[in-house]
Amino acid sequence: MKTDYKHVLEPIQIGPMKLKNRISFTPVWPSFATADGQVNQALIEWVREIISGGCACINIGCGTVNRDLPAFITHLLRMGEESVVNELSMLCDMTHMYNCKIGMELFAINLEAGGFENRDKNAAKPVVEIDPTYLTKQQIKDYIEDFANAAERAMRCGFDSLVIHGAHGQLPGCFLSKLINERTDEYGTQSMENRARFTNELLEAIRAKIGNKMAIEYRINANDMIEGSPTLEEVIEFAQSISDKIDLLHVSRGMHSIQRLAPYINQPIYFDHGINLEDAAKIKAAVNIPVTVVGSVTLEQAEEGIKAGKIDMVSMARGLMADPCMVKNAKYGEPEKTRPCIRCNNCIHKTHYQLAPVRCTVNAEMGMETLYLPIKEPKKLKRVAIIGGGAAGLEAARTAASRGHQVVIYEKSGCLGGVLNMAGAAEFKKDIKSYCEWSVRAVQSMDGIEIKLGVEATPDMVKAEGYDTVLVSIGAAPVIPAFVHEDERCFWVGDVENGIAQTGHEVLIIGAGLTGCEAALAQSRQGKSVTLVDMISTEQFGSGGATFNQIAIINMLKEAGVKMLGGLKMLKTDENGAVFENEAGEKVIIACDSMVVSFGVLANDELVGAYHDAAVDVVAIGDCNTRQGTLYNAVHTGHEAGYMI
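Read on for an overview of the structure.

**Some words on the packing of aromatic side chains**
Under the defined criterion, the tally for this structure stands at 11 aromatic pairs. On the numbers, 4.9 Å between centres and 45 degrees between planes, the contact of Tyr 264 with Phe 271 is tilted. A relative accessible area of 22% means that Tyr 264 is categorised as partly exposed. Look at Tyr 353 and Phe 548: their rings are 5.7 Å apart centre to centre, the planes differ by 90 degrees, and that puts the pair in the edge-to-face class. Taken together, the residues Tyr 353 in helix H12 (residues 346-353) and Phe 548 in helix H21 (residues 547-559) connect sequence positions 195 residues apart. Among the residues examined, Phe 548 registers a relative accessible area of 4% and is labelled buried. Through pairs of rings, three or more aromatic residues link up here, namely Phe 25, Phe 32 and Trp 46. The lysine or arginine in question, Arg 383, covers the ring of Tyr 467, its NZ or CZ lying 4.5 Å from the ring centre. Just above the ring of Tyr 643 sits the side chain of Arg 403; from NZ or CZ to the centre is 4.2 Å.

**Observations regarding the sheet that holds strand S22 (residues 577-581)**
Strand pairing in a sheet relies on backbone hydrogen bonds. The paired strands run either parallel or antiparallel. An order of S21-S22-S23 is seen for the 3 strands of this open sheet, with the pairing classed as antiparallel. Where the open sheet ends on each side, the last strands, each with one partner, are strand S21 (569-573) and strand S23 (587-591). This sheet shows a mean twist of 30 degrees between the axes of neighbouring strands, independent of strand direction. Relative to S23, S22 runs antiparallel, the two sharing 5 bridges.

**Some points on the packing of H12 against H21**
Direction vectors running N to C along H12 and H21 enclose 115 degrees, while the axes themselves pass 8 Å from each other. As summarised for this structure, H12 and H21 are arranged roughly perpendicular, according to the angle between their axes. Here H12 contributes Ile 348, His 349 and Tyr 353 to the contact with H21, which in turn contributes Thr 547, Phe 548 and Ile 551. Here the residues of the contact of H12 with H21 are counted per class, giving 4 nonpolar, 2 polar and no charged.

**Overview of the state of the cysteines**
Note on terminology: a disulfide is the covalent bond linking the sulfur atoms of two cysteines. Applying the stated criterion across every chain, the model contains 0 disulfides. Considering cysteine sulfurs only, Cys 55 is the nearest to Cys 100, which forms no disulfide, with 4.3 Å between them. For Cys 100, a relative accessible area of 2% corresponds to the buried category. Here Cys 436 stays free of any disulfide, with the sulfur of Cys 415 as its closest cysteine sulfur at 7.8 Å. We classify Cys 436 as buried; its relative accessible area is 6%.

**Notes on the packing of helix H1 (residues 41-51) against helix H2 (residues 85-97)**
Two elements in contact, H1 and H2, have axes separated by 10 Å at closest approach and are oriented at 20 degrees. By the angle between their directions, the pair H1 and H2 is classed as roughly parallel. Where H1 crosses over H2, the handedness of that crossing is right-handed. On H2, the residues that touch Leu 43, Ile 44, Val 47, Arg 48 and Ile 51 of H1 are Leu 91, Met 94 and Thr 95.

**Considerations on empty space enclosed by the protein**
Per the counting criterion, the structure on display carries 4 cavities of 30 Å³ or more. Forming the boundary of the largest cavity are 17 residues, of which Gly 166, Gly 173, Cys 174, Asn 221 and Asp 224 lie nearest the centre. Contributions of two or more residues to the lining of the largest cavity are made by helix H4 (171-176), strand S8 (215-223) and helix H7 (232-242). Of the residues contributing to the lining of the largest cavity, the split by class is 10 nonpolar, 6 polar and 1 charged. Space inside the second largest cavity adds up to approximately 100 Å³. Together, 14 residues line the second largest cavity, and Cys 341, Cys 344, Cys 347, Cys 360 and Thr 361 are the ones closest to its centre. Elements that contribute at least two residues to the lining of the second largest cavity include exactly helix H10 (318-322) and H12. Among the residues making up the lining of the second largest cavity, the classes are represented as 8 nonpolar, 3 polar and 3 charged.

The rules behind these values
- Residues numbered from 1 in each chain as written.
- Predicted model: local features only at pLDDT ≥ 70, side-chain atom pairs only at ≥ 80, totals over all residues.
- Heavy atoms only, no water.
- Phe/Tyr/Trp six-rings, centres within 6.5 Å; stacked < 30°, edge-to-face > 60°.
- Buried < 20%, exposed > 50% of the residue type's maximum accessible area, 1.4 Å probe, protein only.
- Helix = DSSP H or I, 4+ residues; strand = E, 2+ residues; numbered from the N terminus.
- Lys NZ or Arg CZ within 6 Å of the ring centre and 35° of its normal.
- Pairing = 2+ DSSP bridges.
- Axes fitted to C-alpha atoms, helices over the stretch in contact; angles between N-to-C directions.
- Parallel < 35°, antiparallel > 145°, perpendicular 65-115°, else oblique.
- Contact = heavy atoms within 4.5 Å.
- Nonpolar A, V, L, I, M, F, W, Y, C, P; charged D, E, K, R; others polar.
- Disulfide = S-S within 2.5 Å.
- Left-handed = near helix turned anticlockwise from the far one by under 90°.
- 1 Å grid on protein atoms, 1.4 Å probe; cavity = no way out; pocket = protein on both sides within 12 Å on 5 of 7 lines; lining within 4 Å.
- Points joined across faces, edges and corners; volume = space filled by probe spheres on them.

Remember, this is a structural readout, not a statement about activity or role.
Here it is, written out as C-alpha cells:
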C-alpha cells in the first residue's frame, strides 16, 4: 500500500514563518560562493533547482559571522561583511518566486590556517572549531555581536529564518560540554545556567536586532558520541532553557573534528536511516517548540514520525539533491518516480575534502546547473543505439530520450542494471538496490526507448542498422588471475556477492579496495572468520570513494573482528591457503578454506575500439572508458553523452 504522505505535506507555523509542508533542505556548504565570499550564479541556479521541486524551505549553509575574515578563507558566504547584502537579496527574491522560504545558517569559523590537528591545546579533550575555554570576555562579546550583526544583514536580504549552528562541535554547543569547556567563570559548566549563558545571550542579541520578523532555529547535538559529553537529559535541560528564544530545534549528532564520528553527521550507505529519530522524539516530548530532525530520514519515516507525534517536520539535503522533485512526486502520488540517494557521500567529499563545488553521483546535473544551461535543444532528432544496459547505458538512454531522440538499448543478459545488481546485493547496501530498481523502472516507463534483452550486439550488426549515434556502454571485465580458475577454493568477489559462489568459514579476501572491504563486511555478518589483505597499507583500505564512507566501513570491519593486513604481495596458493611476501621480502602464509579476489576491473579497449565506425558519432561511456570504474563516472559520462546528442 502506498503512503499518502498526508502529515508530511501539511503546512506548519514556525514562529513568524508559515511553511507549505514539513520538508526543509538542511544547511549544507555547496562551495559555490565566490572566493571572496559573495553569491555567484552557480549558487543561484543550484538553489533554483532544489526549490523548484517543492520543498518548503531551503537553508543556505555555512554563513560565517566573523568580521574581517582573512583571505585564505574562501568560498564561504561572508555574513560578517556588508558586501553580501546585494546579491543575497537576489537569492532570497528568487527563492520566494517559487513559494519557498529561505534560511541562513550562521556559524563562527576559526581564523587559524590549517585543520583541526593544528588547534589542539589540550590533548585530553576533543579539538573543536573554537574552544570556549581560551576565549577572553571581550572575544565572547565580539562573537555575540558578530552573530547579531550577521542576523540583521540576513533580515535585510529577505531571509525568512536563521539557523544557529550549535551542533557538531560548533561554538555555542561547546559551552554546554564539560569535556570541552574548562572555564571557571560565569560561562563555565558549574550549572546549566552558566553552560547555557553564551547561547542565551547570543539569541537575545539576535532577537534584539531582528524582532519577530524572522524565525530563529537552533541546531543541537542530541549526542556528541564522546564519553563525558552532555547526556541526553542535559541536552533536554539545555533545550528547555533556550526554548523561549527560538522557534525550531534541529536534532543531530556527531563531531566534525573526530574522524571516527564524522560519518554519523552524514551517514553512509552502511548505516540505518533515521538514526536521530528516537532522540528527537524524546526531546520533542520535553519542549514546547517544534522539532525537526536530520540523519538520513526517509520520507516514509518522516510521515510516520510526524503522524506519531515524534517530530514536527524533517530536514534533509542529500535526498533532495539526488532528486529535488521528491516532494512533488509525493504530493501527486508518484513517489516511485523519485531518484533514490545512495548515501555515497560524494557530495560531502567534494566540498569538505576536495574543496570543490558540490556534485551528486546519481543526479548528474546537480551542482552543474550553470554548465548545462547554455546547451540548446537538439536541432535534429536522432536514432541512438546504446550497447549495454548497465548504469551508464540506462542514464544515457533516459537523458537522450528526454531530449526527444529514439533510443534502442542492446543488453546481452536477460536483465538491466549491470554491475548494480551485484553492488546492491548485500543487505547493508539496500540504497544501491533501490537506485538500480529505480533506474530500470524509469527506463522501462519512458517513451522513445526500446529495450532488447538477451541480444549481444556486434559492431557489424549495429552499423547495419544505420544509427546516427552509438553509445558504447559494455562495462569492464573483472581482473581474475589464472589461479582463481585453477583452485576450487578461489572465487571472484562478484560471484560471492551475488550468491553464486559459497565460501567456507575461514575466508581470505584479497584486495582491500571499497568492493573488497564491503565483501569482507558482508562475509563477517554471515558469521565467517574473515581476513582482508592487500599490497597497500591498511590506512589506504577502503579508498576510492568518499572519506566519510571509508572511515565508516573501516570502523565497522574493526568492530566485526575482521583481520586487516597490509603490505602483502600475493605469490601463490598452496594446500594451506595463500602465500604472500611482505615488505621485508619474507614469506607469509595465511591459512583459509576460501579465497575471494577483488582486483578491480579492466576495460576491453580492443572491443570498444571495434565500434569506432559503427556510426558517425560513437562515444564510450561508463566503465569501458576509464581505468577505475565508479557509479559517479558511469552516471555522469552517460548523462553527458545523452545530453550532447
